[in-house]
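Each chain is listed here by its residues.
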Amino acid sequence: MTENLSASRKIIVDIQFLFVAFGATVLMPLLIGIDPATALFTAGLGTFIFHFVTKGKVPIFLGSSFAFIVPILEASKQWGLPGTLAGLTGVSLVYFVMSAIVKWQGKKFLDKVFSPIVIGPVIILISRSLSGSAVNMAKTDWPLAGLSGFRFLERPSRNNLL
């Protein structure tokens, strides 16, 4: 997707990705109370395995997901860390099964199961659960929060990814 960008725009996309990946891989573990070094190690290991399995066809970094914050916090309260890790292992198994189905059936399976009508509300629920934290973080630096909001709301043209 970035092959049509100039070198300066590629650098901007790289910096943008650095903030996203770093935020997800360091902030998310801090929010749920685990060591960020563990998250960085497992993200690197997961990314390495992913690239090995896919033979490097998909340029991606596998980091943490903010979608898991609330379930991890609630599971930790109810079942402790061992129960939470068992649940996360179950989620991993579902991921592998879904990957095998997509490999077998192709993208059309995902389009049927995860239509926009399903995905939209899930994204809204995740955003809603994180909105309080976002406002509290924005309070510490309103100019930076405003700049981030402006960049998010800015509508790029079709030929411009930034």
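The rules behind each value
- Along each chain, residues carry numbers from 1 onward, in the same order as the chain's sequence is written.
- Per-residue local features of the predicted model are confined to residues with pLDDT of at least 70, and side-chain atom pairs are confined, for both listing and counting, to 80 or more; whole-chain, interface and lining totals are unaffected and use all residues.
- Note that water and hydrogens are dropped before the side-chain values are worked out from all heavy atoms of the structure.
- Only DSSP runs of H or I covering at least 4 residues are called helices, and only runs of E covering at least 2 are called strands; the numbering of each starts at the N terminus.
- Between buried and exposed lies partly exposed: a residue is buried under 20% and exposed over 50% of the maximum accessible area for its type, with that area taken using a 1.4 Å probe on protein chains only.
- Contact criterion: two residues are considered in contact whenever any of their non-hydrogen atoms come within 4.5 Å of each other.
- Here the Shrake-Rupley method, with its probe set to 1.4 Å, supplies the accessible areas, and only the displayed protein chains count as covering residues.
- Only four residue types enter the tally: Lys and Arg on the positive side, Asp and Glu on the negative side, with His and both chain ends excluded.
- All charge positions are set by atom: Lys at NZ, Arg at CZ, Asp at CG, Glu at CD.
- Polar contacts, as counted here, are pairs of nitrogen or oxygen atoms within 3.5 Å of one another; within protein the pair requires one atom able to donate a hydrogen and one able to accept it, and residues that are adjacent in sequence qualify only if both atoms are side-chain atoms.
- Think of pLDDT as the predictor's per-residue confidence, scored from 0 to 100.
- To define axes, lines are fitted to C-alpha atoms, for helices over the stretch in contact only, and angles between the resulting N-to-C directions are given on a 0 to 180 degree scale.
- In what follows, roughly perpendicular refers to angles from 65 to 115 degrees, roughly parallel to angles under 35, roughly antiparallel to angles over 145, and oblique to any angle outside these ranges.
- For any helix crossing, the convention is left-handed if the near helix is rotated counterclockwise from the far helix by under a right angle, and right-handed if that rotation is clockwise.
- Gly counts as polar in this scheme, as do all residues outside two lists: the nonpolar Ala, Val, Leu, Ile, Met, Phe, Trp, Tyr, Cys and Pro, and the charged Asp, Glu, Lys and Arg.

All right, on to the overall build of the protein chain then. Looking only at helices and strands, one finds six helices and zero strands in the protein chain. In terms of overall dimensions, the protein chain has C-alpha extents of about 45 × 40 × 35 Å along its principal axes. Residue burial in the protein chain is summarised as follows: out of 162 residues, 14% are buried. Within the protein chain, residue pairs in contact and separated by at least 24 positions form 46% of the contacts whose partners lie at least 6 positions apart. Here the protein chain displays about 12,600 Å² of accessible surface, and carbon together with sulfur accounts for 72% of that area. Counting 14 positive and 7 negative side-chain charges, the protein chain places the centres of these two groups 10 Å from one another.

Another aspect to go through is the side chain of Thr47. By secondary structure assignment, the location of Thr47 is in helix α2 (residues 36-54). Owing to a relative accessible area of 11%, Thr47 belongs among the buried residues under this scheme. Of the polar contacts made by the side chain of Thr47, one reaches the backbone oxygen of Ala43; its length is 2.7 Å. Thr47 has contacts with Ile60, Phe61 and Leu62, leaving out every residue within four places of it along the chain.

It is worth spelling out the confidence of the model for the protein chain at this point. Averaged over all residues, the pLDDT of the protein chain equals 79, while 91% of them reach at least 70. Confidence drops under pLDDT 50 across residues 157-162; counting only partners more than four residues distant or on other chains, this segment forms nine contacts.

Moving on, we get to the environment of Leu85. One can find Leu85 in helix α3 (residues 69-105). For Leu85, a relative accessible area of 46% corresponds to the partly exposed category. In the structure, Leu85 is positioned 13 residues away from Ile72 in sequence and 8.8 Å away in space, judged by C-alpha atoms.

Running from N to C, helix α1 (residues 7-32) and α3 cross one another at 30 degrees; their axes reach a closest spacing of 10 Å. Relative to α3, the element α1 is oriented roughly parallel. Pair α1 / α3 crosses with right-handed handedness. Every residue of α3 that contacts α1 at Met28, Leu31 and Ile32 is listed here: Ile69, Ile72 and Leu73. Residues of the contact of α1 with α3, tallied by class, amount to six nonpolar, no polar and no charged.

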